[in-house]
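Residues per chain, in single letters:
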Amino acid sequence: MKRITAFLLCIISLLCLLGTFVPAQAAQGPKLLALTFDDGPSKYTDKLLDGLKERGAKATFFMVGSNVNAYPETVKRMKKEGHQLATHTMSHANLALSSVDNIKSEVFGVNDRINAIVGDGKYYLRPPYGSYNDTVKRTVMTPIIYWSVDTEDWKSRNTQSVYNKIMNTARDGDIILLHDLYLTSVEGALKAVDSLQQQGYVFVTVEQLLRRRGIVPTDGTVYFDAPNRGINLPGVVAPVIATRNTILGKKVIIGRYSPSDHVFYTADGQKPGTKSEQYTKSYYIREEQTVQAVSVGESELSEISKEHLTPEAVVSKNDLDKLFYYFRSTFLAKEQKFVIGMKI
Ligand code: NI
C-alpha cells in the first residue's frame, strides 16, 4: 500500500511539474480514443490481441472473475502487450443492488485473481450494467469507468453494425464500449481501428487517455470520456527520481508512470539510454552521485513513431533514442536539482 501511495504521489507531483513544462502546442496533438472490452476474456480475445498488435493499438479489458480464471494466458498476454487490465466484478453483479461486503468481494476478488496471474496492479472498475451508487463509489477504492459510445454490439452481433456505430459516433476522447465475447465485435472494432487510424486517431488505454488529458484519476470518481480541453500530453512521460532516508541510509527511488514502461538510469554522469542499467528496484547510495533516467513505454513505441515522426519517416533505433523523455536529479549534500520533461 505504501508503495502505491508513494507511486501516486510521484505521479501527482509529476503532473503538477509537467504543467509548467508542457509546450503550448501540446494542446493540439493527436486525437485519442479508448476501446474497452467487457465480460471477457473469451476464445476470441487472442484474435483481438493479434489485430491490435498488428495495428499498434491499445485497449482496456474489463474482465469478469470466471473468465480471468479460464484464460490466464490471455490475461498475461494483455499485460505483456501493453493493454490495461481492469475489473468487471467476479460474477457480473449489479453493484448498486449489492451490500458493502458483496461489493468488496465482487471487486477485490477479481483484483486478487489478476494479481495472482500478472503481479500487483491497480485495476479500474466498470460496474456491470453501468450500475453504481454512492455506496459503490465509496467502497471500490478505484476509479469507475463508464463510456461515451455504446456500440450495442451484444445486441446487433453484426460486424458492419459495430463498425458503423463506432464510425458514426466516436469523437476525440471517447471511451467506446464493446464486448470481446463476440467475433463480430472483434472484427467490427478492428475494421474501425483501420479507418480511424487513417483519420489520425491513436488508440490508447483508459489510463493513458486520462493521463494524457491531464486528468489524475481518483478512486470512486466516475469517468465518461476525456476530450481535449487544452491539455494533450505526449505518450511518454519522464521518470521521477527521488530519495528517501531510511534507517540504513539514503535510498534512490525512480518512479515510472506506467508499470509497462521501461526505465534505464546512470549514476556516473553519463547520459542514460537503453544500454544503461535497467531500473528494477530502489537502491542505496553511500556518496554523492548524479542519477539520470530515461523512460520508454515499450508498448508505446509504435504510437511514438506515429505521433512524433512524419508518416514517411522510418523509425530507426537512433530516432527512438531522441524520443525518450528524461529526468535528471543531482543529489548533493543539501540540494536537489532536476530537469524534467526534456526530449533528448
Ligand atoms: Ni458486462
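Residues numbered from 1 in each chain as written. Predicted model: local features only at pLDDT ≥ 70, side-chain atom pairs only at ≥ 80, totals over all residues. Heavy atoms only, no water.

1. So, the overall build of the chain
Here is step 1: If you tally the helices and strands in the chain, you get twelve helices and 16 strands.
Here is step 2: Taking the intrachain contacts of the chain between residues at least 6 apart in sequence as the baseline, contacts between residues at least 24 apart amount to 70%.
Here is step 3: Accessible surface for the chain amounts to roughly 16300 Å². Of this, 52% is attributable to carbon and sulfur atoms. (Helix = DSSP H or I, 4+ residues; strand = E, 2+ residues; numbered from the N terminus. Contact = heavy atoms within 4.5 Å. Areas by Shrake-Rupley, 256 points an atom, 1.4 Å probe, with all protein chains shown as cover.)

2. Thoughts on the coordination of the nickel ion
Here is step 1: Donor atoms from the polypeptide that coordinate the nickel ion comprise Asp-39 (OD), His-88 (NE2) and His-92 (NE2), at 2.0 to 2.2 Å from the metal.
Here is step 2: Mapped onto the sequence, the residues coordinating the nickel ion show the spacing D-x48-H-x3-H. In this pair, Asp-39 sits in the loop between strand S1 (31-38) and helix H2 (45-55) while His-88 sits in the loop between strand S3 (84-87) and helix H5 (100-118), placing the two residues 49 residues apart along the sequence. Here the two residues Asp-39 and His-88 agree in accessibility, since each one is buried. (Donors = N, O, S within 2.8 Å, 3.2 Å for Na, K, Ca; no water. Buried < 20%, exposed > 50% of the residue type's maximum accessible area, 1.4 Å probe, protein only.)

3. A few points about a nonpolar patch on the surface
Here is step 1: Among the surface-exposed residues, Ile-247, Leu-248 and Tyr-284 lie close enough to one another that they form a single nonpolar patch of about 370 Å² accessible area.
Here is step 2: In this structure, Leu-248 sits in the loop between strand S9 (240-246) and strand S10 (249-255). (Patch = residues over 30% accessible without salt bridge, like charges linked within 9 Å, V, L, I, M, F, W, Y side chains within 5 Å. Salt bridge = Lys/Arg side-chain N within 4 Å of Asp/Glu carboxyl O.)

4. Topic: the environment of Ser-148
Here is step 1: Among the structural elements, Ser-148 can be located in the loop between strand S4 (144-145) and strand S5 (149-150).
Here is step 2: Ser-148 gets classed as partly exposed once you look at its relative accessible area, which sits at 30%.
Here is step 3: With 26 residues separating them along the chain, Ser-148 and Asp-174 place their C-alpha atoms 5.7 Å apart.
Here is step 4: Contacts of Ser-148, omitting those with residues within four sequence positions, involve Asp-174, Ile-175, Phe-224 and Asp-225.
Here is step 5: Among the polar contacts made by the side chain of Ser-148, one reaches the side chain of Asp-174 at a distance of 2.6 Å. (Polar contact = N/O pair within 3.5 Å; in protein donor to acceptor, adjacent residues only side chain to side chain.)

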